[in-house]
Amino acid sequence: MAYMLDAGEFKHPITILRVTIEKDSNHVPVKTTKEFFKCRAKINNYKATESLVNNGTIATEIKKFYFRYCHSKQLSYSDIILYNGEKYDIIGINHIEERFKYYEIQAQRKV
């Protein structure tokens, strides 16, 4: 049975940012982020963890982003998802059922 997502579920706007290394005016390598593409996604809250380290709290939030596959733009683990003004680092890229129709991306944000 084929995995189907309803088009109405893609209602959250997200932006994929690509991290590149460019040289500034002094020819020093600098990391820059540029908009790679925008799309709409279905988002599921997957997991949240909280840890105590050196009398401080470290919290991480993991979300799953589902959106249509774009054949001309390949994602990488160095890309960043921008959603509601928050940046999420990609930790998992999955092509649902290996059909290259939908992405399932796991991304985390450190709070």
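In this report, the structure presented in the accompanying data block is examined. (Residues numbered from 1 in each chain as written. Predicted model: local features only at pLDDT ≥ 70, side-chain atom pairs only at ≥ 80, totals over all residues. Heavy atoms only, no water.)

## Digging into the overall build of the protein
Scanning the protein from N- to C-terminus turns up zero helices and six strands. When its helices and strands are written in sequence order, the protein yields β-β-β-β-β-β. With the C-alpha coordinates of the protein rotated into their principal frame, the extents come out at 55 × 40 × 25 Å. Counting only residues that meet the buried cut, the protein has 32% of its 111 residues in that class. Taking as baseline every contact in the protein between residues at least 6 positions apart, the subset at least 24 positions apart corresponds to 53%. For the protein, the exposed area adds up to about 7500 Å²; of that, 49% sits on carbon and sulfur atoms. (Helix = DSSP H or I, 4+ residues; strand = E, 2+ residues; numbered from the N terminus. Buried < 20%, exposed > 50% of the residue type's maximum accessible area, 1.4 Å probe, protein only. Contact = heavy atoms within 4.5 Å. Areas by Shrake-Rupley, 256 points an atom, 1.4 Å probe, with all protein chains shown as cover.)

## Concerning the sheet that holds strand β6 (residues 102–110)
Taken in spatial order, the six strands close into a barrel running β1-β2-β3-β6-β5-β4, and their pairing is antiparallel. Adjacent strand axes in the sheet meet at a mean angle of 45° when their direction is disregarded. Here strand β1 (residues 12–23) runs beside strand β2 (residues 29–53); their pairing, made up of 12 bridges, is antiparallel. Across the sheet, residue R18 finds its bridge partner in β2, namely K34. (Pairing = 2+ DSSP bridges. Axes fitted to C-alpha atoms, helices over the stretch in contact; angles between N-to-C directions.)

## Some points on unusual backbone geometry
Residues other than glycine seldom take positive phi values, yet H27 does so here, at roughly 60°. Assignment of secondary structure puts H27 in the loop between β1 and β2. Accessibility expressed as a relative area gives 63% for H27, which makes it exposed. One non-glycine residue, N84, lies in positive phi territory at about 55°. In this structure, N84 sits in the loop between β4 (80–83) and β5 (86–95). For N84, a relative accessible area of 62% translates into the label exposed.

## Considering the pairing of β5
Note that β4 and β5 share four bridges and pair antiparallel. Residue pairing across strands places I80 opposite D89, the latter belonging to β5. Counting the residues between successive antiparallel strands, the hairpin from β4 to β5 contains two residues, one of them, N84, with a positive phi of roughly 55°. With six bridges connecting them, β5 and β6 associate as antiparallel partners.

## Details of the environment of R109
By secondary structure assignment, the location of R109 is in strand β6. According to the relative accessible area criterion, R109 is buried, its value standing at 18%. Excluding residues within four positions of it along the chain, R109 makes contact with A59, T60, E61, E86, K87 and Y88. Side chain to side chain, R109 and E61 meet in a polar contact 2.6 Å long. At 3.3 Å, the side chain of R109 and the side chain of E86 are in polar contact. (Polar contact = N/O pair within 3.5 Å; in protein donor to acceptor, adjacent residues only side chain to side chain.)

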